[in-house]
Amino acid sequence: MMASSTSSSIEHTMLAASEQLQVPSSITKFKIGLCQLSVTSEKNQNLACAHNSIKAAVKCGASLVVLPEMWNCPYSNDYFAKFAEDFENEDASPTFSMLSEAACSHGITIVGGSVPESSDGQLYNTSCVFGPDGKLKAKHRKIHLFDIEIPGDITFKESDFFAAGDKPTIVDTDVGRIGIGICHDIRFPELAALYRAKGARIICYPGAFNISTGELLWEVMQRAR
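As the structure is a prediction and not an experimental result, all values here were calculated from the model. (Residues numbered from 1 in each chain as written. Predicted model: local features only at pLDDT ≥ 70, side-chain atom pairs only at ≥ 80, totals over all residues. Heavy atoms only, no water.)

Let's shift gears to the confidence of the model for the protein. Here the protein averages 86 in pLDDT, while 83% of its residues score no lower than 70. Overall, residues 1-21 carries pLDDT values under 50, and its contacts beyond four positions in sequence, including any with other chains, amount to 33 contacts. (pLDDT = per-residue confidence, 0-100. Contact = heavy atoms within 4.5 Å.)

So, in structure tokens, the structure goes:
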């Protein structure tokens, strides 16, 4: 496991947060739709599956819908660059457009899991948050890239494919203030502590944990954060 080279500056920012924790005087109840998706090598099929899952969640009363990590492509270097989208060019970004349209048409907030983003010659593991008006409210690039080597089991280096993000992401939405992380970001408590200090009521960590390590720590990590 490895943090990116930007971790030291990020941790300094996190530890320097001086805002007082503001506990809301009342808690508003609402439903969250967590969409679990089976990913295929066909991008359009993945988009259709996600769109249908969002509609099903809305039908059940969800006002916030969260998708998983890397849901529009297989988690493989063979697909990251091929499926990546430049979010600055919305006309050429079918994933971005689908999430924007779905948020607007259903009047909900969507934390769009994560998908490969292409920007300035780099690839990022990126989560986009859309408001009920369909507009992009925030974009989080995965800060802590996951590098692992377990002899005889699994070897994977996310840093071979992706550049690391360098900013925590906090966004005010219709359902409250949300702090965003992606998968391995959950491993680092400073990020959650920063979001708490800045008044986040929800923290979202879309993930695609592998079986080798995820089974041992995913549930306890969630409770800890």
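Having put the structure on the table, let's press on.
Pairing is mixed across the open sheet formed by three strands, whose spatial order is 9-10-11. At either margin of the open sheet sits one strand with a lone partner, and together these are strand 9 (169-173) and strand 11 (202-204). Each strand axis lies, on average, 30° off the axis of its neighbour in the sheet, ignoring direction. Here strand 9 runs beside strand 10 (residues 176-180); their pairing, made up of five bridges, is antiparallel. The residue bridging D172 from the neighbouring strand is R177, located in strand 10. Helix 5 (residues 189-197) contacts strand 9, strand 10 and strand 11 of the sheet and is inclined by roughly 165° relative to strand 10. (Pairing = 2+ DSSP bridges. Helix = DSSP H or I, 4+ residues; strand = E, 2+ residues; numbered from the N terminus. Axes fitted to C-alpha atoms, helices over the stretch in contact; angles between N-to-C directions.)

With 13 residues, helix 4 (residues 94-106) should cover 18 Å at 1.5 Å per step; its first-to-last C-alpha distance of 18 Å lies within 8% of that length. Among the residues of helix 4, T95, F96, M98, L99, S100, A102 and A103 are the ones counted as buried. G107 lies just past helix 4 and shows a positive phi near 65°. (Expected span 1.5 Å × (residues − 1). Buried < 20%, exposed > 50% of the residue type's maximum accessible area, 1.4 Å probe, protein only.)

Mapping K142 onto the fold places it in the loop between strand 6 (136-141) and strand 7 (147-150). Beyond its immediate chain neighbours, meaning those up to four positions away, K142 contacts E69, Y75, N125, E158, A164, G165, I182, C183, H184 and D185.

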